[in-house]
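Examining the three-dimensional arrangement
Here is what each chain is made of, one letter per residue.
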Amino acid sequence: MSGKLKVGIIGVGGIAKGAHIPGYLNVSDKVEIYALCDIIPERAEKRAKELGVEHVFTDFNDLVAMEEIDVVSVCTSNYAHAPATIAALEAGKHVICEKPMAKTAEEAEEMIKAYKKSGKLLTIGYQWRFDPEIQALKRHIEAGDFGNIYYAKAIATRRRGVPARGDFLNLEKQGGGPLVDIGTHALDLTLYLMNNHEPDVVLGSSYNEIAHKGCLNNWGDFDPKDYQVEDAAFGLVKMKNGATVSLETSWLMNIMEDEIFGTEVYGSKAGAVFHAGKPVTIVNEAYDRVNVNQVVRRNSNLNGYQAEIAHFIDCVIQGKEPLVKPEEALAVMKIQDAIYKSQKTKQAIKIV
Ligand SMILES: NC(=O)c1ccc[n+]([C@@H]2O[C@H](COP(=O)([O-])OP(=O)(O)OC[C@H]3O[C@@H](n4cnc5c(N)ncnc54)[C@H](O)[C@@H]3O)[C@@H](O)[C@H]2O)c1
């Protein structure tokens, strides 16, 4: 490689500041943050000043038009994921777009078309896949230690954890609430561990049982009048190979814990529970005994976000396919959309 890769970041709010910028700074021997864009000009200017970045825009089309830029991070609210990603791919940039992939599965399909046409790389910000525990579980599953995984549970629930900021409560801008915010991560992890991205039929429900009345919230106050999305969603997915996936997700649920995030996979030879912050537990049978093994947490020098960015930059430099493939993120989008559709139609939805 001659010189450093030049990166442009579109949307410089929370995730850009907390994940993408530190992620690029962590590999500053390979990349340079070259341009920033946000529809809030003061925000973009402030970040640019902090980072010593010269090129600042309010329209992402101007950022992607810069010849010098190699890699673009899309860190906007969900409504702009597809247009910004497509513009960047069409301009010949590699793109890492935040989760959820888009506002709808249709938009995600358009992104995939642009990606295939571009010959560039596209990945989606599912950083939980880089967790060392998840990687360890994945290795065991790939080695066949779990047998046939016929049931899995994706869980992302909080007792009082509404992200009461930015566009998170705006249906038009985000496309949904906890399902597309945190449920999407749990679902991605679950399908990844199962190595199964072929949903067949989805039965889903979504609710607003608590938010509309107003309630205590650990993540900032909100006015129930501004709250346009669900506060909980549940789904049951029948996969094409017959496996079943259940999903529960909520920002506001009367659960015992502050928060549960993770996945559980159950196979013919072993089962595993991954709940973030707790040791992974694997149950299996060997030597005429049923064993319950608590796997000691592996430490990593990198957090998930840093690992994700470092991996993507290596993929760009080495021309490798990223761990999170756009087609896999599309499968998650299809399930999310089907859960909302199932709620509206009171029918199970066949995925095509
Ligand atoms: N991977 C994760 O775990 C994780 C965590 C948090 C957020 N996210 C995702 O990151 C995205 C942003 O979330 P956030 O927490 O940073 O929100 P945020 O509101 O803090 O930041 C979003 C920024 O995008 C800007 N923006 C909106 N539309 C734009 C456009 N058309 N062009 C340029 N800038 C635009 C906003 O002005 C804002 O500064 C969301 O899609 C969210 O789902 C991912």
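Residues numbered from 1 in each chain as written. Predicted model: local features only at pLDDT ≥ 70, side-chain atom pairs only at ≥ 80, totals over all residues. Heavy atoms only, no water.

1. As for the overall build of the chain
Threshold: Only DSSP runs of H or I with at least four residues qualify as helices, and only runs of E with at least two residues qualify as strands; both kinds are numbered from the N terminus onward. The globule rule used for comparison is 2.2 Å times the number of residues to the exponent 0.38, while the radius of gyration itself is calculated over C-alpha atoms. Throughout, exposure labels follow a simple rule: accessible area from a 1.4 Å probe, protein chains only, divided by the maximum for the residue type, with under 20% read as buried, over 50% as exposed, and the rest as partly exposed. Every residue pair with non-hydrogen atoms within 4.5 Å of one another is taken to be in contact. For every accessible area listed, the method is Shrake-Rupley and the probe measures 1.4 Å; residues are considered covered only by the protein chains on display. Note that His is not counted, nor are the chain ends; the positive residues are Lys and Arg, and the negative ones are Asp and Glu. For this purpose, a charge sits on NZ of Lys, CZ of Arg, CG of Asp or CD of Glu.
Each helix and strand counted, the chain has ten helices and 15 strands in total. The C-alpha atoms of the chain give a radius of gyration of 20 Å, which matches the 20 Å a tight globule of 352 residues would have. Seen through its C-alpha atoms, the chain measures out along the principal axes to roughly 65 × 50 × 35 Å. Within the chain, the proportion of its 352 residues that are buried is 54%. Considering only residue pairs separated by 6 or more positions, the chain has 73% of its internal contacts joining residues 24 or more positions apart. Of the roughly 16,100 Å² of accessible surface on the chain, a fraction of 49% belongs to carbon and sulfur atoms. A distance of 3 Å separates the average location of the 40 positive side-chain charges in the chain from that of its 47 negative side-chain charges.

2. A word on the domain arrangement of the chain
Rules: Where each domain starts and ends comes from a domain assignment, either automatic or drawn from a database. Any carboxyl oxygen of Asp or Glu that lies within 4 Å of a side-chain nitrogen of Lys or Arg is treated as forming a salt bridge with it. We define a polar contact as two N or O atoms separated by no more than 3.5 Å, with the added condition that, inside protein, one atom must be a possible hydrogen donor and the other a possible acceptor, whereas residues neighbouring each other in sequence contribute only through side-chain atom pairs. Throughout, the ten residues Ala, Val, Leu, Ile, Met, Phe, Trp, Tyr, Cys and Pro are labelled nonpolar, Asp, Glu, Lys and Arg are labelled charged, and all others, Gly among them, are labelled polar.
Here the domain parsing of the chain yields domain 1 (5-124) and domain 2 (129-300 + 332-350). The centre of domain 1, based on its C-alpha atoms, is set 27 Å off from the matching centre of domain 2. Facing the 13 residues of domain 1 at the interface are 13 residues of domain 2. One can count two salt bridges joining domain 1 with domain 2. Of the charged contacts, one joins Glu 172 and Lys 103 as a salt bridge, the two residues approaching to 3.4 Å between their closest N and O atoms. Applying the counting rule to domain 1 against domain 2 returns six residue pairs in polar contact (both at pLDDT 80 or more). Classifying every residue of the side of domain 1 that touches domain 2 by side-chain character gives six nonpolar, three polar and four charged.

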